[in-house]
Amino acid sequence: MRLTAALVLAVALTACASGGESSIELSPVAAEGRSIARSNGCAACHGSEGAGGVGPTFIGLWMSDRELTDGSIVVADRDYLHESITMPGAKIVTGYRAQMPSNNLDDDAVTSIVAWIEELGAP
């Protein structure tokens, strides 16, 4: 029991010491997208590494099917993600009550965030 607790503590301390950075090697554009998401409040709901929380995860989101509250299905491609970031209320995913707040991100920032989501992988 003590060994298990010690291992859990060691893993937790290692994660904290590394700053919680993802082990995924990101392109410069995607790394910038992660930085933009963190500095603009996106991480509060989507997690600092995109693992989700109040908002959906970014990990595995790329090219996945998303069921919307109107019953339709969309694919999380560049167009959908760009629209979802720039016009948060346009298409709401089933199961998420909180609507993402509007933001003042320019097209370059949105493109970088979408690149990060893409590099976090497909399902």
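About the criteria used
- Residues numbered from 1 in each chain as written.
- Predicted model: local features only at pLDDT ≥ 70, side-chain atom pairs only at ≥ 80, totals over all residues.
- Heavy atoms only, no water.
- Core = buried A, V, L, I, M, F, W, Y, C linked by side-chain atoms within 4.5 Å.
- Buried < 20%, exposed > 50% of the residue type's maximum accessible area, 1.4 Å probe, protein only.
- Helix = DSSP H or I, 4+ residues; strand = E, 2+ residues; numbered from the N terminus.
- Contact = heavy atoms within 4.5 Å.
- Salt bridge = Lys/Arg side-chain N within 4 Å of Asp/Glu carboxyl O.
- Phe/Tyr/Trp six-rings, centres within 6.5 Å; stacked < 30°, edge-to-face > 60°.
- Expected span 1.5 Å × (residues − 1).
- Arc of directions from axis to C-beta.

Undergrad: Now, about the nonpolar core: what can you tell me, with residues and values included?
TA: In globular proteins that are soluble, nonpolar side chains generally tend to be buried together. With 23 residues, the main nonpolar core has Tyr80, Leu81, Leu105 and Trp116 as its most contacted residues. Counting only elements with at least two residues in this core, the list comes to α2 (28–39), α4 (78–86) and α5 (107–119). In terms of residue count, α5 provides more of this core than any other element does, seven residues in total. If we ignore the near neighbours within four places in the chain, the residues touching leucine 105 are Ile36, Asn40, Ile85, Val110 and Ile113.

Undergrad: Before we move on, could you go through the pattern of salt bridges and cite the residues and values that matter?
TA: This model, assessed by the stated rule, comprises four salt bridges. Put simply, arginine 78 and glutamate 118 hold a salt bridge, and the shortest N to O gap is 2.8 Å. In this pair, arginine 78 is assigned in helix α4 and glutamate 118 in helix α5, connecting sequence segments 40 residues apart. Linked by salt bridges that have partners in common, Arg34, Arg38 and Glu49 make up one network.

Undergrad: Which residues make up the packing of aromatic side chains, and what values go with them?
TA: Under the definition given, this model contains one aromatic pair. Seen in terms of ring centroids, phenylalanine 58 and tryptophan 116 are 5.5 Å apart; in terms of plane orientation they differ by 85 degrees. Their pairing is edge-to-face. Of this pair, phenylalanine 58 sits in the loop between α3 (43–46) and β1 (65–67) while tryptophan 116 sits in helix α5, and the two are 58 residues apart along the sequence. The class for tryptophan 116 is buried, based on a relative accessible area of 1%.

Undergrad: Describe in detail α2, supporting the description with residues and values.
TA: An ideal rise of 1.5 Å per residue puts 16 Å on twelve residues; α2 measures up with 16 Å between its terminal C-alpha atoms. Along α2, the residues that are buried comprise Ala30, Gly33, Arg34, Ile36 and Ala37. Buried residues of α2 fall within an arc of 165 degrees about the axis and therefore sit on the same side. Of the exposed residues in α2, those oriented more than 90 degrees away from the buried face are Pro28 and Ser39. Among the structural elements, α3 and α5 are those in contact with the buried residues of α2.

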